Amino acid sequence: LDESSDDFSAEPGFGTLQSAFQPYRPEWRTVYSRPKLEVRSGTHHFKATLAGWQGEGGHIWRRLEVPPHASLDMLAGAILGAFEFDDDHLYDFHYRDQRGSARAYNHPSTDDGPFTTQITVAETELALKDAMRFTFDYGDDWQFDVRLEAVAEGRCKFKRPKVVESAGKAPEQYPNGDW
C-alpha cells in the first residue's frame, strides 16, 4: 500500500505489487485499471417471480417500473404490495454484483447491516438480466426472484415504484389463518 496517502478508505492501486513481481514475471508490463461502474439513471424494469409457485398457466410474477433513486426498501414494499402481502416481517436481498462479489442488504429493523435503506436500485450494479433473491418472512420463507430486465434511457417521470404487468393470482400470505 502507498503509506504516504492519508486516505485510508481508498482502495490500493491495481499495480502496487508489480515492482515486487516484475523480476519473476518480466512479461508483466501493462497494468489495467478496474473500470468504473456506471450508475444507471433511467427507469429500472424488474420482474419479480414468486419462487416455487405455479399459478394457472405458469409462474406467478409481477413486472415493476422503479425509479433509480428508489431504495431496496422501497422495492421490497412494492413487491409485497404487488403480491398483496402485509409488510409485517423482516426480509433481505441477496445478489452478486458485476465483479461477482456476494451482496446482502437487510431490513432496516435487523441488527446487522448494510440495510436496504442505504442503497438505491441504481447503485446495486446489477447487469441486465441479473437477479436478486428477495427473502421475506423468515418463518414462512417466501422467496422471490427479482430480475432486472431493462433500464430505460432518459429521466424517470415518477417517484415511487409501480406495478405495470402481472400474471397469476398470488397465494394467501397466511393460508392456515396463522395470523
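Further up the page is the structure itself.
This text gives an overview of the structure that appears in the document.

What counts and how
- Residues numbered from 1 in each chain as written.
- Predicted model: local features only at pLDDT ≥ 70, side-chain atom pairs only at ≥ 80, totals over all residues.
- Heavy atoms only, no water.
- Helix = DSSP H or I, 4+ residues; strand = E, 2+ residues; numbered from the N terminus.
- Buried < 20%, exposed > 50% of the residue type's maximum accessible area, 1.4 Å probe, protein only.
- Lys, Arg positive; Asp, Glu negative; His and termini not counted.
- Salt bridge = Lys/Arg side-chain N within 4 Å of Asp/Glu carboxyl O.
- Polar contact = N/O pair within 3.5 Å; in protein donor to acceptor, adjacent residues only side chain to side chain.
- Contact = heavy atoms within 4.5 Å.
- Pairing = 2+ DSSP bridges.

Brief notes about the side chain of Arg 62
Take Arg 62: it is sitting in strand 2 (residues 58-66). Within the buried core, Arg 62 has no salt-bridge partner, and the shortest N-O distance to an opposite charge, that of Glu 84, equals 6.1 Å. Engagement of the side chain of Arg 62 in a polar contact is seen with the backbone oxygen of Ala 82, the distance being 3.1 Å. Among all residues touching Arg 62, those that are not within four sequence positions of it are Phe 46, Lys 47, Ala 48, Ala 82, Phe 83, Glu 165, Ser 166, Ala 167, Gly 168, Lys 169 and Ala 170.

Let's talk about the pairing of strand 6 (residues 142-151)
Note: strand 5 (residues 131-136) against strand 6, 6 bridges, orientation antiparallel. Looking at the pairing, Phe 134 lines up with Phe 144 of strand 6. Linkage of strand 5 to strand 6, two consecutive antiparallel strands, is achieved through a turn of 5 residues, within which Asp 137 is found at a positive phi near 60°.

As for unusual backbone geometry
Gly 113 connects to Pro 114 through a cis peptide bond whose omega is 0°. Tracing the sequence through the fold places Pro 114 in the loop between strand 4 (102-106) and strand 5. Despite not being glycine, Glu 84 has its phi angle at roughly 60°, a positive value. Mapped onto the fold, Glu 84 is located in the loop between helix 2 (72-82) and strand 3 (91-96). Residue Glu 84 is classed as exposed on the basis of its relative accessible area of 70%. In this structure, Glu 125 takes a positive phi of about 65° despite not being glycine. Mapped onto the elements, Glu 125 comes out in the loop between strand 4 and strand 5. On the basis of relative accessibility, which here comes to 25%, the residue Glu 125 falls in the partly exposed class.

By themselves, these observations are geometric and do not establish any function.
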